[in-house]
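Examination of the molecular architecture
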Amino acid sequence: MQLVESHSNTILAVESHSNTILAVESNAVMASFTPSEEDCQRVMSNTDITNEFIFVVDCSGSMNDENKIELARQAMLLFLKSLPMNCYFNIIRFGSNHQGLFSETTALYNEANAQKAEQLTKTMKADLGGTELLTPLQSLDKNPPIQGRARQIFLFTDGEVSNVDEVVDLCRTMATSTRIFSFGLGSSPSRSLVKGLARATNGRFVFIPPHTSVDVHVGEQLQKALQLCITNVKVQWSLGTEAIITGPTNIPPVYANDRLIVYALIQDKSARFDHNSTVPLATEQSQLGKAKVTYTPAVSNDKMIARLAAKALILELQHEKLPSSIQKNNTGSLQTRFKKHHNDDNETAKEITKKRIIELSLKYNILSPHTAFVGVEKRTDTSNADMVLREVPIQISADDQYLQMNSPTPPSLQTTNSNVDLFDIFTTQMYHTANVSHYSPLQMNRSMPAFNCLCADFDITTPSQPTNKLSNNSFKSALSSAYTLNDFDPFYQNVDETSHNVQTQADDVWPTNGQDIIRQLIDKQKFDGSWDLDSKSLERLIGKPLTAFQHLASNQILTPAIVIAVFETRFAMHSSMWYGIVQKARKRLVDLLGKDVKKLDTLLAEIRKQL
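Computed from a predicted structure; not experimentally measured. (Residues numbered from 1 in each chain as written. Predicted model: local features only at pLDDT ≥ 70, side-chain atom pairs only at ≥ 80, totals over all residues. Heavy atoms only, no water.)

1. A closer look at the overall build of the protein chain
Each helix and strand counted, the protein chain has 16 helices and 20 strands in total. Counting the 611 residues in the protein chain, one finds 47% classified as buried. The contacts of the protein chain with a sequence gap of at least 6 include a subset with a gap of at least 24, amounting to 71%. Total accessible area on the protein chain stands at roughly 31000 Å², and carbon and sulfur atoms take up 48% of it. (Helix = DSSP H or I, 4+ residues; strand = E, 2+ residues; numbered from the N terminus. Buried < 20%, exposed > 50% of the residue type's maximum accessible area, 1.4 Å probe, protein only. Contact = heavy atoms within 4.5 Å. Areas by Shrake-Rupley, 256 points an atom, 1.4 Å probe, with all protein chains shown as cover.)

2. Quick look at helix H8 (residues 304–319)
Along its 16 residues, H8 runs 23 Å from first to last C-alpha, staying within 8% of the 22 Å computed at 1.5 Å per residue. Residues of H8 that are buried include every one of Ile305, Ala306, Ala309, Ala310, Leu313, Ile314, Leu317 and His319, and no others. (Expected span 1.5 Å × (residues − 1).)

3. So, the packing of helix H2 (residues 68–82) against helix H15 (residues 575–592)
In contact at an axis separation of 8 Å, H2 and H15 are set at 25° when each is read in the N-to-C sense. Classified by the interaxial angle, the pair formed by H2 and H15 is roughly parallel. Once H2 is placed against H15, the crossing between them reads as left-handed. Of H15, the residues touching H2 (which contributes Leu80, Lys81 and Ser82) are Gly580, Ile581 and Lys584. (Axes fitted to C-alpha atoms, helices over the stretch in contact; angles between N-to-C directions. Parallel < 35°, antiparallel > 145°, perpendicular 65-115°, else oblique. Left-handed = near helix turned anticlockwise from the far one by under 90°.)

4. Quick notes on the side chain of Ser82
Looking at the element boundaries, Ser82 is found in helix H2. Within the structure, Ser82 has its side chain in polar contact with the backbone oxygen of Leu78 (distance 3.0 Å). Apart from residues no more than four positions distant in its own chain, Ser82 is found in contact with Leu222, Gly580, Ile581 and Lys584. (Polar contact = N/O pair within 3.5 Å; in protein donor to acceptor, adjacent residues only side chain to side chain.)

5. Remarks on the nonpolar core
Counting 73 residues, the largest nonpolar core has Phe55, Phe154, Phe156 and Phe567 as its most contacted members. Ranked by residues supplied to this core, first place goes to helix H14 (residues 555–570) with 9 residues. For this core, the two domains that each supply at least three residues are domain 2 (52–227) and domain 3 (514–610). Setting aside its immediate chain neighbours within four residues, Phe154 contacts Phe53, Ile54, Phe55, Val56, Phe79, Phe181, Phe183, Gln221, Leu222 and Ala225. (Core = buried A, V, L, I, M, F, W, Y, C linked by side-chain atoms within 4.5 Å. Domains from an automatic or database assignment.)

6. Some words on the pattern of salt bridges
Scanning all chains against the criterion turns up 19 salt bridges. Across the pair Arg93 and Asp127 runs a salt bridge, and its minimum N-O distance is 2.6 Å. Highlighted residues: Arg93 in strand E6 (residues 88–94) and Asp127 in the loop between helix H3 (111–122) and helix H4 (134–142), separated in sequence by 34 residues. Given the relative accessible area of 9%, Arg93 is considered buried. (Salt bridge = Lys/Arg side-chain N within 4 Å of Asp/Glu carboxyl O.)

7. Section: the sheet that holds strand E18 (residues 287–292)
Pairing is antiparallel across the open sheet formed by 3 strands, whose spatial order is E13-E17-E18. Each of the sheet's edge strands pairs with one partner strand only, and the pair in question is strand E13 (234–235) and E18. In terms of strand pairing, strand E17 (residues 278–282) meets E18 through 5 bridges, oriented antiparallel. In the strand pairing of E18, Leu281 is matched with Gly289. (Pairing = 2+ DSSP bridges.)

8. Examining the packing of aromatic side chains
One pass over the full model with this rule turns up 14 aromatic pairs. Ring centres of Phe79 and Phe156 lie 6.1 Å apart, and the angle between their planes is 70°; on these two criteria the pair is classed as edge-to-face. Taken together, the residues span a long stretch of sequence, with Phe79 in helix H2 and Phe156 in strand E9 (residues 149–157) at a distance of 77 residues. The pair Phe79 / Phe156 is uniform in exposure class, with both members buried. Ring geometry for Phe154 against Phe181: centres 5.3 Å apart, planes inclined by 25°, an arrangement best described as stacked. In this pair, Phe154 sits in strand E9 while Phe181 sits in strand E10 (residues 178–185), placing the two residues 27 residues apart along the sequence. Assessed through its relative accessible area of 0%, Phe181 is described here as buried. Through a chain of ring-to-ring contacts, the aromatic side chains of Phe53, Phe55, Phe79, Phe154, Phe156, Phe181 and Phe183 assemble into a single cluster. The aromatic ring of Tyr88 is capped on one face by Arg149, whose charged end is 3.9 Å from the ring centroid. (Phe/Tyr/Trp six-rings, centres within 6.5 Å; stacked < 30°, edge-to-face > 60°. Lys NZ or Arg CZ within 6 Å of the ring centre and 35° of its normal.)

9. Observations concerning unusual backbone geometry
Cis peptide bonds are those with omega within 30 degrees of zero, and the linkage from Gly247 to Pro248 qualifies with 0°. As for its position among the elements, Pro248 is in the loop between strand E14 (244–247) and strand E15 (254–255). Unusually for a residue other than glycine, Asn202 sits at a positive phi of about 60°. Within the fold, Asn202 resides in the loop between helix H6 (191–200) and strand E11 (204–208). Residue classification places Asn202 among the partly exposed positions, given a relative accessible area of 33%. For Asn365, which is not glycine, the phi dihedral falls at a positive 55°. Within the secondary structure, Asn365 is located in the loop between helix H10 (336–364) and strand E19 (388–393). According to the relative accessible area criterion, Asn365 is partly exposed, its value standing at 47%.

10. Some points on the environment of Gly247
With respect to the helices and strands, Gly247 occurs in strand E14. Remark: the alpha-carbon pair of Gly247 and Val235, spanning 12 residues in sequence, is separated by 9.9 Å.

11. Brief notes about helix H1 (residues 37–44)
For H1, every residue scored as buried is listed here: Asp39, Cys40 and Val43. Viewed along the axis of H1, the buried residues span an arc of 95°, placing them on a single side of the element. Contacts from the buried residues of H1 go to strand E12 (229–230) and E18. (Arc of directions from axis to C-beta.)

12. Describing the confidence of the model for the protein chain
Residue-level pLDDT values for the protein chain average 75, and 71% of them are 70 or greater. Per-element confidence in the protein chain is highest for E6, whose mean pLDDT is 95, and lowest for strand E20 (residues 427–432), whose mean pLDDT is 35. Per-residue pLDDT stays below 50 along residues 1–8; that stretch engages in 21 contacts with residues further than four places along the chain or on separate chains. Across residues 324–339 the pLDDT falls below 50, and counting only partners more than four positions away or on other chains, this stretch makes 9 contacts in the model. (pLDDT = per-residue confidence, 0-100.)

13. Examining the pairing of strand E4 (residues 28–33)
Along E4, 6 of the 6 residues are buried, which leaves the element largely enclosed by surrounding structure. Bridge count between strand E3 (residues 20–25) and E4: 6 bridges; the pairing is antiparallel. Directly across from Thr20, in E4, lies its bridge partner Phe33. Between E3 and the antiparallel strand that follows it, E4, lie 2 residues. Bridging between E4 and strand E16 (residues 260–266) involves 6 bridges; their strand directions are antiparallel.

14. Overview of the environment of Val167
Relative to the elements of secondary structure, Val167 occurs in helix H5 (residues 164–173). In this view, Val167 contacts Leu133, Leu134, Leu137, Leu193 and Leu197; residues no more than four positions away in its chain are not counted.

Pasting the structure below:
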């Protein structure tokens, strides 16, 4: 067993399973499990895991601006091409109200339903008024996926909602069965909403500026969404005492190469780890990993793991559903004489939860909604003579543009103009005691989104002087040399703002650009994952006569196999664009070859030799 000591605790790598790690303190344990694709495949061979894909599309009036509704259409068409066979899906349009393509929460992805979805997508309009996102999400929350299914929600929006915290809190309660992949469309979507939903549900987010191609970014998100996962994971804490508090209580689906962290707080101070202390992780069908504590050296007890555990427990308590509210959702309206009884139960449950949160917060010094830290600064020099003004630019989202100093009228009393000058933005006044004579946001060691916002030098020694606006071109030039996008954020998918629009190619003309060839092949793929390409088209694709390959297999198998081999060799660097359709094509070929994966691998290897 590998043992690594840190300054505050002990980290143990499991001897028989390198993906399971324990961190140990005297009264707290943290277990981290990161399944590989092989782990997920081994579990899935014994269980039938089905994905649900639900597309929630903003069709409010503002989606007409900057042609954002067209970005949503392009993204949807690519998603519909790339969905795996026999999954379940639905499309929900929302604005002032919401409308689903299917009456049930999700429907089987078959050819007939896919055609309905494609027809809806091609005729989709931004005609549903405002931006009310909470209602459709509440509807999905009331209809969770059945056991054995993992739900992926793809949200496309450009706007701002007034109840961001309420929406994010609702989605956090859905995280045990659902991930949200959020797409912020246009110049200035609500960043707090788009980021918050992804982070609350272990999903991903991406911002897509106007006049860009969406297929690369859609492919990246879909590749993440199609990861193998393990559901119904159970953790057993065999630590020699029953006096433990564990969290999270409801363990979410665990995805390949993603990390699951669970905690245990030991309430019995006399408890000691011994050679029988183990933490096994398993599903109903098979064991995933087993960590055994065989050695616990003397470590300092600064309660770092205990505080992490307390924080996780507080978050779970904050967002757990009360029993009475769950019953109300499932049983419909209640008779009047029972309402008071249920309200009393609800209030009692709230008070119990609040009390538990406060106890954890005070015991472990973790901030909560019901507690606060109070800081007292003792200053010997009360002079403010060295205090100076610093002006920091803040980007204004589309729905908050009325807050600008040159537009005092709220949106309810004026016509919204999305083509506002985004150089006219707020500055936040911050006072610092540091002696700073010159400040430039371009010199900050921070990543900022590559959108058209003001980024100019401020001379804070003379704050009364007007700031100069940079031209759009010079701004972009300076920004591209000084900033990167949020590469440090694991939830963020990078966006190439210079990518060009999707070009529709004529059936008889093959493009020469690599990405356009990929788009052409995506467009020509049939619903079942096959390609109906004639010999002339295939010869253009491979650059040599088809007769060199025809001895390898029949045309039914050979055509998709050649396309797969071309994708995986010549266009490997663009794998995010073709990943979904290649997975579908591979599955069909495996079925045609009698479920023999090795036979398919051999065929692809022979084709690659001749390409």
